[in-house]
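Listed here are the chains, written in short residue letters.
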Amino acid sequence: MQFRLATLLLLIGTHIIVAQSQEPSVTDSILSQELDEVIVTATRTARQLSSLPLPVTLVGKKQIIKSGTVRLNEILNEQTGIITVTDESGFQGVQIQGIASDYILILIDGVPLVGRSAGNFDLSRLTVGNIKQIEVVKGPSSSLYGSEALGGVINIITEKPEKQDFSGNASYRIGSFSQQDMNLDLKQGFKKFRYGFFANRFSSNGYDLNEDAEGQTVNPYTNYTLNGRLYYDINDKLSLFTSGRFYDQVQDAGFTVDSIQYEGDTKEREWNAHARLDHKWTPALNMAYELYYTNYVATELLADPISTDVLSDSDFDQKLLRPEVRGSYTFNVEDENRTGFQYGTLTAGAGLQLDELDRTYFEEKVNFTSQYLYAQYDFDPLEKLNVIAGARFDNHSEYNNQFSPKLALRYQLNPNLAIKGSVGYGFKAPDFRQLYFDFTNSAVGYTVLGYNVALDKLQELEEQDQILDVVVTEDELSQPLEAESSIGYNLGLTLKHGVGNTEINFFRNDFKNLIDTRIIARKTNGQNVFSYMNFDEIYTTGFEINSAYKLTDNLNISAGYQLLYAFDKQRREDVKNDQVFVRDANTGQSVALATSDYFGLVNRSRHNANLKFYYDIPSANTHANLRVLYRSKYAQYDTNGNGLIDNYDTSFIDGFVTLNAAVSKIFYTDFTLQVGANNLLDYTDNNIPTMPGIQAFIKLNYQF
Amino acid sequence: MTKNILAVAFLAMAFTSCSSDDDSTPTDPVQTETVSNLYAPQTGGQGEPVGGEFTKFDFETGAITTSDTAWDIAFRGTTIAVNGGTLTGTEDEPERNGNVGVAEVTGTLASVTTAEGLTFEQDAEASFAIATGSDNGWYNYAGDPTHLITPIPGKVFVFRTTEGNFAKVEFISYYEDAPSEPNAFEDATPYYTFNFVYNPNEGDTSLE
């Protein structure tokens, strides 16, 4: 780590020197922080990336293709401060600024995706085959997007057919673990009508990280993604966009318990239907009328094929319907001068969201409804100062109304240096599980109850004489569960220097009312009844630095680093007050934990860094790249019973490096052959089930 | 799906920087004693009704006892009974005929210096003074994947004994021979190891 940091600082230092001696030149679009790219997620209007007052990571198509990655989690994991994590539930999600997947909103073309496992959104569900770019806005964005946008928003923008001609590509990739990826992408435009069709099939034989344990770590699976899009220009002012997306995965789920071989599978199926009418009323006023529906279904059935005894039978069926109207109005649009309060752009929207979930461990199907309104004003009060002020109001059927304001500023100090800062509020509504879960572990005997059903279920258990005593008052269970919320602060600098650029961003996120389980009653079998409560207050803080540098015409280098501290405020206070203990290894006696030994929250690495080289050989139509990723040690769970992660816990995963590389060559103008490997150092750990060893691959792409 | 390996080397390294300070002055009449491998099996469990005799312990002698009256605390599985209060209603439990009470204090064994001002709880119908279940009483159950039962660090139990003396206890281990890194799949249970300090002067609340 020391070495990497030094290299990084050296790079930055070099930049500054170079900045003074060289003329600015064009940056290469491969590097993530491309300056002239336009993004829509941060403001809901098209804005030049470099002009935004918010911390944003942009991953473009070129970077995706050159990396040879096929699923969204792979490419996002290569970005600074974006880490994929397998949490204690065994499911994988993404972490941004140290904030867990539960608090990160995932959008596709601006509309939300649903279907989470224990709060984690599995990004490997998404193929990167037809993505134009991935926009990641870091920090709270509830002022535009409402619930779940505390840690940030990941918006996947699919490719639009731009040309009149029929075009597209077909590709086939095969790699280790019999991993196969097939893509077909077709695009065509007519006078008023354009369409795009995309199909992907991805399959893998899975892999096994532990030979000693029965069964494979990851079982074989196959999935399909289909996406059809239609664009119709009704007239000069009206245009229609419709998109239908379908995803289906079947994974073998058979395994052995007590020498009985259970057989079965896990199925996932997702539908998205998205229609939007864009209406240009005047050059100053644009409106969009949008209707979106999605349905995510996951089922698992495992049974003994001989006795037909069912081991596990679960299902999960979530639906979301969301109509929304929004518009943006530019004041005094004809005026040349754009400086002043009266020359801004007002963006506003209103919508309705209907959620429904039917799943195992719920007594009945449950529904949420919410209505929302948001507005944002984007203006330049001074020539060099850009201000975005916005707020959103959410009225929800299950929890208190939420008001989410946000303010962001950017000041151009000189042509090469800008300072930007923002502060925003984010919230996450209590989810269905936290409100309606009714689950009793049949093997151990504990019970977990959703908050809204806890009182009734507790009474039922009491009537069945299963309750020893209730440790919370009825009053405590009658107060409505609060939404989890955060305030996020970001302060950064953007520096252009000669042939490169550097961005630095300091962040702090203060969370309160985090929902966690706590014991509400003790059962006669010695086990506990848990329910969900608002009690934790945590914070994550640190900084992120990204530097991109064009070393020669053909060689680009980028480096990124994130420093992260993530702690529970109460626990930190307890440690300071000598109220947290560990056992001395020799005597077994308790000793107070030193403040310096409190490591922080689970699954958080203090350091996260990357270094990437992109090299073009134009004479040979060849491109090669190497990406080095580093993640420092992190702990998975408490092992010494004091309820927090300290340096004496034994569940740490040591820091590790992954090395990914790819080489591609274009021949006969339309064909590209790519050879590469992810995880070249063959790093594996039984505790990282989502990471197999070396994944070599070869891919052929035909562009037409 | 997930399978674990413990970072043994890390732990060993981390502990070299630790020290303990349980030295008591030579003039002190109150001594720290260790009870090792107190065996307290139970029958049933895992959804089945639990039963079996409790293993009784007397602080005055510092040993287990079969006496029906001269005992202070009794163990069965992870459950601990005190000789005070009433029957809880579990199978095969001993009669309560003393006035033993227990108070939970947060701290190290050395930092708990007196029984003065503590509130002592006793067993009651359907409720043990030392609450059962993970994170309620003396232990934490880690669940998947380690399934370890670990005494909650920093929890000291102060007892008023049958004779009206005071004692303090820190539980060290639930596994045979109190391994520093127990393995729930290999090490035998329930073998209690605990440290205690007993003040032989009746009614004297001092614990140092």
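Since the structure is predicted, the reported quantities are computational estimates derived from the model, not experimental observations.

Cut-offs applied
- Residues numbered from 1 in each chain as written.
- Chains lettered and ligands numbered in written order.
- Predicted model: local features only at pLDDT ≥ 70, side-chain atom pairs only at ≥ 80, totals over all residues.
- Helix = DSSP H or I, 4+ residues; strand = E, 2+ residues; numbered from the N terminus.
- Rg over C-alpha atoms; globule rule 2.2 N^0.38 Å.
- Contact = placed C-beta atoms within 7 Å.
- Nonpolar A, V, L, I, M, F, W, Y, C, P; charged D, E, K, R; others polar.
- Buried ≥ 20, exposed ≤ 12 C-beta atoms within 10 Å, placed from the backbone.
- Pairing = 2+ DSSP bridges.
- Axes fitted to C-alpha atoms, helices over the stretch in contact; angles between N-to-C directions.
- pLDDT = per-residue confidence, 0-100.
- Core = buried A, V, L, I, M, F, W, Y, C linked by C-beta atoms within 7 Å.

Enquirer: Just to check I follow, could you spell out the overall build of chain A for this structure?
Expert: When you go through chain A residue by residue, the secondary structure sums to eight helices and 41 strands. Rg of the C-alpha trace for chain A: 26 Å, near the compact-globule value of 27 Å for 704 residues, within the 12% margin. C-alpha extents for chain A along the principal axes are approximately 75 × 55 × 55 Å. Taking as baseline every contact in chain A between residues at least 6 positions apart, the subset at least 24 positions apart corresponds to 63%.

Enquirer: Can you help me understand the interface of chain B and chain A in this one?
Expert: Where the parts come together, the accessible area they lose is often given as the size of the interface. Counting from both sides, the interface comprises 41 residues of chain B and, opposite them, 36 residues of chain A. Listing elements by their share of the side of chain B that touches chain A, those giving two or more residues are α1 (8–15), β10 (149–151) and β12 (166–173) of chain B. When grouped by side-chain class, the residues that make up the side of chain B that touches chain A number 18 nonpolar, 18 polar and five charged.

Enquirer: Sorry, what's going on with the environment of A:Ala42 here?
Expert: Residue and element names in this part refer to chain A. Mapping Ala42 onto the fold places it in the loop between β1 (38–39) and β2 (47–48). Under the C-beta neighbour-count criterion, Ala42 is labelled buried, with 24 such atoms within 10 Å. For Ala42 and Leu382, which are 340 residues apart along the polypeptide, the C-alpha to C-alpha distance reads 21 Å.

Enquirer: Can you help me understand the pairing of strand β18 (residues 310–330) of chain A in this one?
Expert: If a strand is regular, its side chains alternate between the two faces of the sheet. Residue and element names in this part refer to chain A. The pairing of strand β17 (residues 285–303) with β18 spans 19 bridges and is antiparallel. Looking at the pairing, Val297 lines up with Asp317 of β18. In sequence, β17 turns back onto β18 through a hairpin of six residues, with Thr308 there showing a positive phi of about 60 degrees. Note that β18 and strand β19 (residues 340–359) share 13 bridges and pair antiparallel. Within β19, the residue paired with Thr330 across the bridge is Thr345.

Enquirer: Whenever I open this one, the sheet that holds β12(B) confuses me. Can you help?
Expert: Strands belonging to one sheet form pairs held by backbone hydrogen bonds; the direction of such a pair is parallel or antiparallel. Residue and element names in this part refer to chain B. Here we have five strands laid out as an open sheet, ordered β1-β13-β12-β11-β8, and antiparallel in their pairing. Each edge of the open sheet is held by one strand with a lone partner, namely β1 (32–39) and β8 (101–106). Across the sheet, the axes of successive neighbouring strands diverge by a mean angle of 30 degrees, strand direction being ignored. Relative to strand β13 (residues 191–199), β1 runs antiparallel, the two sharing six bridges. Bridge pairing in β13 links Val35 to Phe194.

Enquirer: Got a minute to help me understand the confidence of the model for chain B in this structure?
Expert: Predicted coordinates in areas of low pLDDT are best not read in detail. A residue-level look at chain B finds 85% of positions with pLDDT of 70 or above and a mean pLDDT of 84. Reported for the predicted complex are a pTM of 0.86 and an ipTM of 0.74.

Enquirer: In this structure, what is going on with unusual backbone geometry? I would like to understand it.
Expert: Glycine aside, a negative phi is what most residues show, and trans is what most peptide bonds show. With omega at -15 degrees, the peptide bond leading from B:Thr189 into B:Pro190 counts as cis. Structurally, B:Pro190 is set in the loop between β12 and β13. Residues other than glycine seldom take positive phi values, yet A:Asp465 does so here, at roughly 60 degrees. Structurally, A:Asp465 is set in the loop between α6 (451–463) and β26 (467–470).

Enquirer: Would you mind showing me how to read the nonpolar core here?
Expert: When a protein is soluble and globular, its nonpolar side chains tend to lie buried together. Counting 94 residues, the largest nonpolar core has A:Val56, A:Leu76, A:Ile104, A:Ile134, A:Ile154 and A:Ile156 as its most contacted members. When neighbours within four sequence positions are excluded, A:Val56 is seen to be in contact with A:Ile39, A:Ala42, A:Leu49, A:Glu135, A:Val136 and A:Val137. Residues B:Leu148, B:Val156, B:Tyr192 and B:Phe196 belong to the second largest nonpolar core, which totals 44 residues.

Enquirer: Got a minute to help me understand the environment of A:Thr330 in this structure?
Expert: Residue and element names in this part refer to chain A. Mapped onto the secondary structure, Thr330 falls in strand β18. Take Thr330: there are 21 C-beta atoms within 10 Å of it, and that puts it in the buried class. Residues Thr330 and Pro283, 47 residues apart in the sequence, show an inter-C-alpha distance of 8.4 Å. Apart from the residues within four sequence positions on either side, Thr330 is in contact with Ala284 and Thr345.

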